[in-house]
Structure formats: structure tokens, C-alpha cells
Amino acid sequence: MTTPLDQLSDGALDWLGGSLDHFDPYSSSAPSATHAKAKAALELALLCHCAARLDGSPAPLTGARELVRTLWGRPDFPDLFDIYPKHASSYGLIYTALAPAGVGGTSLRLDPGFLSPHGKSPYERIEIRYYADKAGVPHGIEPYAGLVPLSPLVAYQPPAPEDMAPEGAAPEDADAAPLPTPQAYALTHTAFYLGDFGRTRPGLTADAAAGAEDLVRRMLDHCVAHDRWDLAAELLLTQFILGTDPLRTPSGAAAVECLVKAQQSDGAVPGRSVTLRATESDTAAEFFRRAYHTTLVTALMALIISSGRTS
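Within each chain, residue numbers correspond to sequence positions counted from 1 in written order. Local features in a predicted model are, by the rule used here, given only for residues with pLDDT of at least 70; side-chain atom pairs are given and counted only at 80 or more, and totals for whole chains, interfaces and linings are based on all residues. Only heavy atoms go into the side-chain values, all of them from the structure, while hydrogens and water stay out.

## Section: unusual backbone geometry
Next up, step 1: One non-glycine residue, phenylalanine 197, adopts positive backbone phi at about 55°.
Next up, step 2: In this structure, phenylalanine 197 sits in the loop between helix 9 (181-194) and helix 10 (206-226).
Next up, step 3: Taking the relative accessible area as the measure of exposure, phenylalanine 197 reaches 4% and is therefore buried. Secondary structure follows DSSP: runs of H or I at least 4 residues long count as helices, runs of E at least 2 residues long count as strands, and numbering of each begins at the N terminus. The buried label goes to any residue with under 20% of its type's maximum accessible area, the exposed label to any with over 50%, and the partly exposed label to all in between, with areas taken from a 1.4 Å probe on protein chains only.

Structure, rendered in C-alpha cells:
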């Protein structure tokens, strides 16, 4: 019997597999594309990397794995990172960390000081340490034991529900998100890195884990109420990493149902939210730009949760 998670992953993987020309910066579709080409390819590589660690990597990812191997085999591919100076070092580190087995890459090009903790937030240090460790690159970031108490999973504290709608506030203010959007994504990504995308626990104390779980629940409720699909998918995976079965929680089950309703017949989730979704007037390239990240995250989330825990 097909489960909602099966429906989400099967449809998303089918759409991703049929959209590989948009992931390929060197394809005929690339000149008209409006998304960050290197970023999309790196995200596809992350999906392939995580899926390969599960029991039986899905067949629909065969084409994606071949594309990643081809791109990583091109010595000019890292040159694309220089188009985004602000992210070039981060992209270079991720590229090295996600290199397919047996594919030789070019020499790592990082800005001086990138692998140092100085001037970086705990979240940034966690991200750098995660990919540097995976890439086998020496760095100066402190151990996770010192980073976890400072991380968004512990440090972010939303206002109490009774404080979220001050007297005289407009009705829409009463339904404000527990966290601003940038902090919400920092929360989920921190869980991904500390939990190695579902392969381990993030190392929180019992009290910190309970606080993080409550914050994730509140954020999920908000995402469902406002059809924020991309963040909902990331929060579902975060719930799983924190040790909860999302399908056994009201917030998690509602979020899965929300994503199922949003998914189109071709398998795409058409945007980060209902307000940012693609429209019928969008070109194929514009549709891809709006849809690819949420569809990819939905596939990643559904595959990992469906596979169960490995530790």
C-alpha cells in the first residue's frame, strides 16, 4: 500500500529526474535559466549522497547520479562558484565533501580564514565543520560539544504564545511565525548537520531536545496554516532527527498532508509556499527556479523518514 511519504518521494523523484537539464549548467536549458546553477547542482549532489546511504538508492536517481559524476569530473565546474563571491568558499567546500567515489576534483579554493571560527556564528561554524569533516579538510572549528549549546536548536527561544499578539495588534500580527524565516532555516539546517541528515542524534540534553521539539512543532503548525511547503518539509525532517516519528504527531501528520495536497500531478511541489508558487505564465526555467528546491527537499525528507533510523 502506497503511503503519503511514498507518494511524495515517488512523485518528487520522477519530476527531478525529468528536470535534469535544468540542473546541468552546461545544458541547452542553462542560458535561459534564472536559478543559481551551481547551487542547484550541489543540492542535487546532496540528495544523491544522502540517498546512497539508505538501503537501496532509488532507481529514479540513476540519471541524477550520472549527472553529478559528470559535473564533478569537469575541471571547469568549480569555476562557476566564482560567480557567487559571497558563497564561493562554501560551495567549494561542499563540492569537495560531496564528490562521488572515484572522481578526482580540482584543488580546493577557499578564502583565507574561511576554515577559522573567527567572526562566524555558531550556525556557520557548525555548517563548516560538517562539510570539512566530510571532505577530510583540516579546520579550526571547535568540537560539536562546544557548539551544540550555542546552536539555534538550543539558543533560539520563541516568544510565549501569549506574547505573540500584543494588545492592539492587527489580526495578522496575532498569527506571526514563532521564528523569523532566516532563523527557522538556520534551525532546520543545524539539525541536518548535527544529526547527519538522520543518521545520528544531534547531541542535545533532554531539556534542550524538549525545547527544540516544541519549537519545531509550533513552526510546523504555522507552516501548515500558511502553506509554507519548503519549510514544512525541512521541519518534518528536523522532527525525525530529534527523535520523533512525524507521522505520529498531529503537527507532522498535518504537514505531510499539506505537502501531499500541494504536490502536482507531475510530482513537483510548485514553490516554497502558496504565495511564492509558480504560475501558468512562468517559463519552464522560471517554474524550475521556483519549484526545484522544495521538490528536492520533499524527496529528501520523505526518503529519509521512510527508511527509518540507522542508529
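## Some points on the packing of aromatic side chains
Next up, step 1: Geometry of aromatic contacts follows a simple scheme: Phe, Tyr and Trp rings, the Trp one being its six-membered ring, pair when their centres are within 6.5 Å, and the pair is stacked under 30 degrees between planes, edge-to-face over 60, tilted otherwise. Tallying each qualifying case throughout the model produces 18 aromatic pairs.
Next up, step 2: With 5.5 Å between their ring centres and 75° between their planes, phenylalanine 77 and phenylalanine 81 make a pair best called edge-to-face.
Next up, step 3: On the numbers, 6.4 Å between centres and 75° between planes, the contact of tyrosine 193 with phenylalanine 197 is edge-to-face.
Next up, step 4: Following the ring pairs from residue to residue traces out a cluster consisting of Trp72, Phe77, Phe81, Tyr84, Tyr91 and Tyr95.
Next up, step 5: Stacked on the ring of tyrosine 26, the Lys or Arg arginine 74 has its end atom at 3.5 Å from the ring centre.
Next up, step 6: Sitting over a ring, as applied to charges here, requires NZ of Lys or CZ of Arg to be within 6 Å of the ring centre and within 35 degrees of the ring normal. Sitting over the face of the ring of tyrosine 144, arginine 129 holds its NZ or CZ atom 5.2 Å from the ring centroid.

## A word on the nonpolar core
Next up, step 1: Here, nonpolar core refers to any group of buried Ala, Val, Leu, Ile, Met, Phe, Trp, Tyr and Cys residues whose side-chain atoms link them within 4.5 Å. Counting residues in hydrophobic clusters, the biggest one holds 100 residues, and the most contacted among them are Phe23, Trp72, Phe197, Leu237 and Met301.
Next up, step 2: Here the element with the most residues in this core is helix 13 (residues 284-307); it accounts for 13 residues.

## Some remarks on the pattern of salt bridges
Next up, step 1: Salt-bridge detection follows one rule: a side-chain nitrogen of Lys or Arg within 4 Å of a carboxyl oxygen of Asp or Glu. The final tally for this structure, using the stated rule, is 16 salt bridges.
Next up, step 2: A salt bridge links aspartate 196 to lysine 134; the nearest nitrogen and oxygen atoms lie 4.0 Å apart. A residue pair is termed long-range when its members are at least 10 positions apart, and aspartate 196 in the loop between helix 9 and helix 10 and lysine 134 in helix 6 (residues 122-135) qualify at 62 residues.
Next up, step 3: Look at lysine 134 and you get partly exposed, because its relative accessible area is 27%.

## Notes on the packing of helix 1 (residues 4-17) against helix 13
To describe two helices that pack against each other, one gives the angle between their axes and the distance between the axes.
Next up, step 1: Orientation is described by lines fitted to C-alpha atoms, with helices fitted over the stretch in contact, and by angles between N-to-C directions that extend from 0 to 180 degrees. Between helix 1 and helix 13, whose axes approach to 8 Å, the crossing angle comes to 135°. Looking at the two axes, helix 1 sits oblique to helix 13. For the element pair helix 1 and helix 13, the recorded crossing hand is left-handed.
Next up, step 2: Of the residues that constitute the contact of helix 1 with helix 13, the class distribution is 16 nonpolar, four polar and one charged. In what follows, roughly perpendicular refers to angles from 65 to 115 degrees, roughly parallel to angles under 35, roughly antiparallel to angles over 145, and oblique to any angle outside these ranges. Helix crossings get a hand from a simple test, with the near helix turned counterclockwise from the far one by less than a right angle marking a left-handed crossing and a clockwise turn marking a right-handed one. Gly is placed with the polar residues, together with every amino acid not listed as nonpolar (Ala, Val, Leu, Ile, Met, Phe, Trp, Tyr, Cys and Pro) or charged (Asp, Glu, Lys and Arg).

## Observations regarding helix 11 (residues 229-241)
Next up, step 1: Expected span, for any helix, means 1.5 Å times one less than how many residues it has. In a regular helix each residue adds 1.5 Å, so 13 residues correspond to 18 Å; helix 11 covers 19 Å between its end C-alpha atoms and thus fits that length.
Next up, step 2: Taken across its 13 residues, helix 11 has 13 buried, putting it largely inside the fold.
Next up, step 3: Just past helix 11, the residue glycine 243 takes up positive phi, approximately 110°.

## What to know about the packing of helix 3 (residues 37-52) against helix 5 (residues 88-97)
Next up, step 1: Contact geometry of helix 3 with helix 5 gives a least axis separation of 10 Å together with a crossing angle of 30°. On the basis of their axis angle, the class for helix 3 and helix 5 is roughly parallel. Helix-helix and strand crossings are classified by hand; for helix 3 and helix 5 the assignment is left-handed. In contact with Ala38, Lys39 and Leu42 of helix 3, helix 5 contributes Tyr91, Ile94 and Tyr95. Only heavy atoms enter the contact rule, under which two residues are in contact if any of them lie within 4.5 Å.

## Some points on the environment of leucine 296
Next up, step 1: Its location among the elements puts leucine 296 in helix 13.
Next up, step 2: Each C-alpha atom of the pair leucine 296 and tryptophan 15 lies 9.3 Å from the other, and the pair is 281 residues apart in sequence.
Next up, step 3: Each residue touching leucine 296, except ones within four places of it in the same chain, is listed here: Leu16, Phe23, Glu43, Leu44 and Leu47.

## Describing the state of the cysteines
Next up, step 1: A pair of cysteine sulfur atoms is labelled a disulfide when the two atoms are within 2.5 Å. Throughout the structure, instances matching the rule amount to zero disulfides.
Next up, step 2: Left unpaired, cysteine 258 is separated from the closest cysteine sulfur, that of cysteine 223, by 8.3 Å.
Next up, step 3: The exposure class assigned to cysteine 258 is buried, which follows from its relative accessible area of 7%.

## Some thoughts on the confidence of the model for the protein
Next up, step 1: Taken residue by residue, the protein gives an average pLDDT of 91. The fraction at 70 or more is 91%.
Next up, step 2: Residue-level confidence of the predictor is summarised by pLDDT, bounded by 0 at the bottom and 100 at the top. Counted against residues more than four places away or in other chains, residues 165-174, with its pLDDT under 50, gives three contacts.

## Observations concerning helix 12 (residues 250-262)
Helical geometry note: an α-helix holds 3.6 residues per turn, so side chains three or four residues apart project in the same direction.
Next up, step 1: A rise of 1.5 Å per residue sets the reference length of helix 12, with its 13 residues, at 18 Å; its end C-alpha atoms lie 18 Å apart and thus fit the reference within 8%.
Next up, step 2: Where helix 12 is concerned, the buried positions are Ser251, Gly252, Ala255, Val256, Cys258, Leu259 and Ala262. An end-on view of helix 12 places all buried positions within 155° of arc, on one side of the element. Projecting away from the buried face of helix 12 at angles above 90 degrees are the exposed residues Pro250 and Lys261. The directions from the helix axis to the C-beta atoms form the arc being described.

## Considerations on the environment of arginine 277
Next up, step 1: Note that arginine 277 resides in the loop between helix 12 and helix 13.
Next up, step 2: Residues arginine 277 and arginine 217, spaced 60 residues apart in sequence, show a C-alpha to C-alpha distance of 24 Å.
Next up, step 3: Not counting chain neighbours up to four residues away, the residues in contact with arginine 277 comprise Trp229, Gln264, Pro270, Gly271 and Arg290.

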